[in-house]
Amino acid sequence: MITDSRHLGLSVAAVLGAALIWSSSFAVTKVALAEIPPMTLGALRFVLAAFILGVAVHAGPDRRRLPSPRERLFIGLAGLLGITAYFALENVGVDLASASDATLIVAAYPVLTLVLSGRAEFSPVRLTGMLLAVAGVCLVVRGNGTHSLWGDAFLIAGGVAWAAYNVLARRDRSGASPIVVTYYQTLAGAGGFVLLSLSEVDRWRVPGGANVLRIAFLAGLCSVAGFLLYNHGLRRLEASVAVNLLNVVPVAGLGWAVVLAGERLTLVQVLGGAVVIAGVTLGLRSRRRLE
């Protein structure tokens, strides 16, 4: 019993660790975007992440159980949607808006994913949660200037891309391990970003030392370590529990936005964030019955 409790505690700690890492990505991205164009930043981040994952896959025990070329094509299509499309929209959104806006709007993504995947059970409680999450997002974007509203629109569009990615990724029948699937998704996503980054050639500059570290952080920790921690936690936690633990992302993300990006939070933002989190919690309340 003690051993089971210990393993459960480690699993919860792993998911929370992933959430804390992911919550910092918006603020780190916001600072890096001051020097690096959004598509170029995505290319640098995911090319490095693909290299790290590639070394792990080809040097590890999974190298003999790689998906077939046809399966890799399907996985790659999911990667173009979940990595290239989603993070391109996110990077542009963070560039135009604020890291705190991004953190709060992304908090509504789990509910949006449930709706678009057709897995949402529209009970009164769940419907109330979804409406609360939408109302919270509206509070977050309320009163912003046109420049920031465009950023918020890109972030919301990113949520649609993320939801579509989840629908597609669930159809993967390759049987490959999570790290192998993530590697091929990241490889395809990195390729997509490289192509997009060519539109920013005239803005390319050698990044400063601080931004090199930020790119390494986004690639090594946010794109690789965070994923591995999260999947370690999923071994002993139900998916519904893990998703609810990720609600710490918007809370911690606001702190990172203040500390790393030097942003100031308004009372409306804090209120909107609280409403989003409350809505997401209600919206996911009956998820266990859907797993």
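These numbers were taken from a predicted model, which means no experiment stands behind them.

Focus: the overall build of the protein
Okay, step 1: When helices and strands are counted, the protein shows 13 helices and 0 strands.
Okay, step 2: Secondary structure elements in the protein, listed N-terminal to C-terminal, are α-α-α-α-α-α-α-α-α-α-α-α-α.
Okay, step 3: Relative to its full complement of 291 residues, the protein shows a buried share of 47%.
Okay, step 4: A fraction of 90% describes how many contacts in the protein between residues 6 or more apart in sequence connect residues 24 or more apart.

As for the nonpolar core
Okay, step 1: Grouped together as the largest cluster of nonpolar side chains are 33 residues, with contacts concentrated most on Phe-26, Leu-41, Leu-155 and Phe-193.
Okay, step 2: A total of 6 residues in this core trace back to one element, the largest contributor, which is helix α4 (residues 69-96).
Okay, step 3: With residues near it in sequence (within four places) discarded, Phe-26 still touches Glu-90, Val-94, Ala-99, Ala-102, Thr-103, Val-106 and Val-249.
Okay, step 4: Within the second largest apolar cluster, 12 residues are counted, among which are Ile-179, Val-180, Tyr-183 and Ala-219.

Points about the packing of helix α3 (residues 38-59) against helix α9 (residues 178-197)
Okay, step 1: The contact between α3 and α9 brings their axes to 8 Å, and the two run at 150 degrees. Judged on the interaxial angle alone, α9 and α3 are roughly antiparallel. For α3 against α9, the interelement crossing comes out left-handed.
Okay, step 2: Residues that form the contact of α3 with α9 fall into these classes: 18 nonpolar, 7 polar and no charged.

Brief notes about the confidence of the model for the protein
Okay, step 1: For the protein, mean pLDDT is 80; residues scoring 70 or higher make up 79% of the total.
Okay, step 2: When pLDDT is averaged over each element of the protein, α3 comes out on top at 94 and helix α11 (residues 239-245) at the bottom at 59.
Okay, step 3: This stretch, residues 287-291, has a pLDDT under 50; its non-local contacts, to residues over four places away or in other chains, come to 17 contacts.

Some points on the packing of helix α2 (residues 25-32) against helix α5 (residues 99-106)
Okay, step 1: The interhelical angle for the contact between α2 and α5, taken along N-to-C directions, is 145 degrees, at an axis separation of 9 Å. Handedness of the α2/α5 crossing: right-handed. Here Phe-26, Ala-27 and Lys-30 of α2 lie close against α5, whose contacting residues are Ala-99, Ala-102, Thr-103 and Val-106.
Okay, step 2: For the contact of α2 with α5, the residue count by class is 5 nonpolar, 1 polar and 1 charged.

A closer look at the packing of aromatic side chains
Okay, step 1: According to the stated counting rule, one finds 6 aromatic pairs in the structure shown.
Okay, step 2: Ring geometry for Phe-46 and Phe-87: centres 4.9 Å apart, planes at 55 degrees, overall tilted. Taken together, the positions of Phe-46 in helix α3 and Phe-87 in helix α4 put the pair 41 residues apart, joining distant regions of the chain. Just as Phe-46 is buried, Phe-87 falls in that class too.
Okay, step 3: Taken together, a centroid distance of 5.3 Å and an interplanar angle of 50 degrees make the contact between Tyr-86 and Trp-162 tilted. Pair noted here: Tyr-86 is in helix α4 and Trp-162 is in helix α8 (residues 146-169), with a separation of 76 residues, a long-range link.
Okay, step 4: Three or more aromatic residues link up through ring pairs in this structure, and these residues are Phe-46, Tyr-86, Phe-87, Trp-162, Tyr-165 and Phe-193.

Quick notes on a nonpolar patch on the surface
Okay, step 1: A cluster of nonpolar side chains, contributed by Trp-256, Val-258, Val-259, Leu-260, Leu-265 and Val-270, occupies part of the molecular surface with about 480 Å² of accessible area.
Okay, step 2: Considering each element in turn, the nonpolar patch owes the most residues, 3 residues, to helix α12 (residues 248-259).
Okay, step 3: For Val-258, the location among the structural elements is in helix α12.
Okay, step 4: Taking relative accessible area as the criterion, Val-258 reaches 38% and is therefore assigned partly exposed.

Digging into the environment of Pro-178
Okay, step 1: Along the chain, Pro-178 turns up in helix α9.
Okay, step 2: On the basis of relative accessible area, Pro-178 is assigned to the partly exposed category, the value being 44%.
Okay, step 3: Along the primary structure Pro-178 and Phe-227 are separated by 49 residues, whereas in three dimensions their C-alpha atoms are 9.2 Å apart.

A word on the environment of Ser-148
Okay, step 1: With respect to the secondary-structure elements, Ser-148 resides in helix α8.
Okay, step 2: Considering only alpha carbons, one finds Ser-148 and Ala-97, 51 residues apart in sequence, at a separation of 4.3 Å.
Okay, step 3: Beyond its immediate chain neighbours, meaning those up to four positions away, Ser-148 contacts Leu-96, Ala-97 and Asp-101.

Calculation rules
- Throughout, residues of each chain are indexed from 1 in the direction in which the sequence is written.
- Per-residue local features of the predicted model are confined to residues with pLDDT of at least 70, and side-chain atom pairs are confined, for both listing and counting, to 80 or more; whole-chain, interface and lining totals are unaffected and use all residues.
- As a convention, hydrogens and water are excluded, and side-chain values are obtained from all of the structure's heavy atoms.
- In DSSP terms, a helix is any run of H or I states spanning at least four residues, a strand is any run of E spanning at least two, and both are numbered starting from the N terminus.
- Residue exposure (1.4 Å probe, protein chains only): buried if accessible area is under 20% of the type maximum, exposed if over 50%, otherwise partly exposed.
- Any two residues having at least one pair of non-hydrogen atoms within 4.5 Å are treated as being in contact.
- Here, nonpolar core means buried Ala, Val, Leu, Ile, Met, Phe, Trp, Tyr and Cys residues that are tied together by side-chain atoms lying within 4.5 Å of each other.
- Comment: axis = line fitted to C-alpha atoms, over the contacting stretch for helices; angle = value between 0 and 180 degrees taken between N-to-C directions.
- Each angle is binned into one of four classes, with values under 35 degrees roughly parallel, values over 145 roughly antiparallel, values of 65 to 115 roughly perpendicular, and all other values oblique.
- Definitions for this section: a left-handed crossing has its near helix turned counterclockwise from the far helix by less than a right angle. A right-handed crossing has that turn clockwise.
- Think of it as three bins: nonpolar holds Ala, Val, Leu, Ile, Met, Phe, Trp, Tyr, Cys and Pro, charged holds Asp, Glu, Lys and Arg, and polar takes everything else, Gly as well.
- A residue's pLDDT is the confidence the predictor assigns to it, expressed on a 0 to 100 scale.
- A pair of aromatic rings is counted whenever rings of Phe, Tyr or Trp (Trp by its six-membered ring) have centres within 6.5 Å, and the orientation is called stacked for planes under 30 degrees apart, edge-to-face for over 60 and tilted otherwise.
- Patch membership needs two things, relative accessible area over 30% and no salt bridge, and members are linked within 9 Å if like-charged or within 5 Å if nonpolar (Val, Leu, Ile, Met, Phe, Trp, Tyr).
- In these tables, accessible area is a Shrake-Rupley quantity obtained with a 1.4 Å probe, and a residue counts as shielded only by the protein chains included in the view.
- Basic side-chain nitrogens of Lys or Arg form a salt bridge, by our definition, when they fall within 4 Å of a carboxyl oxygen of Asp or Glu.

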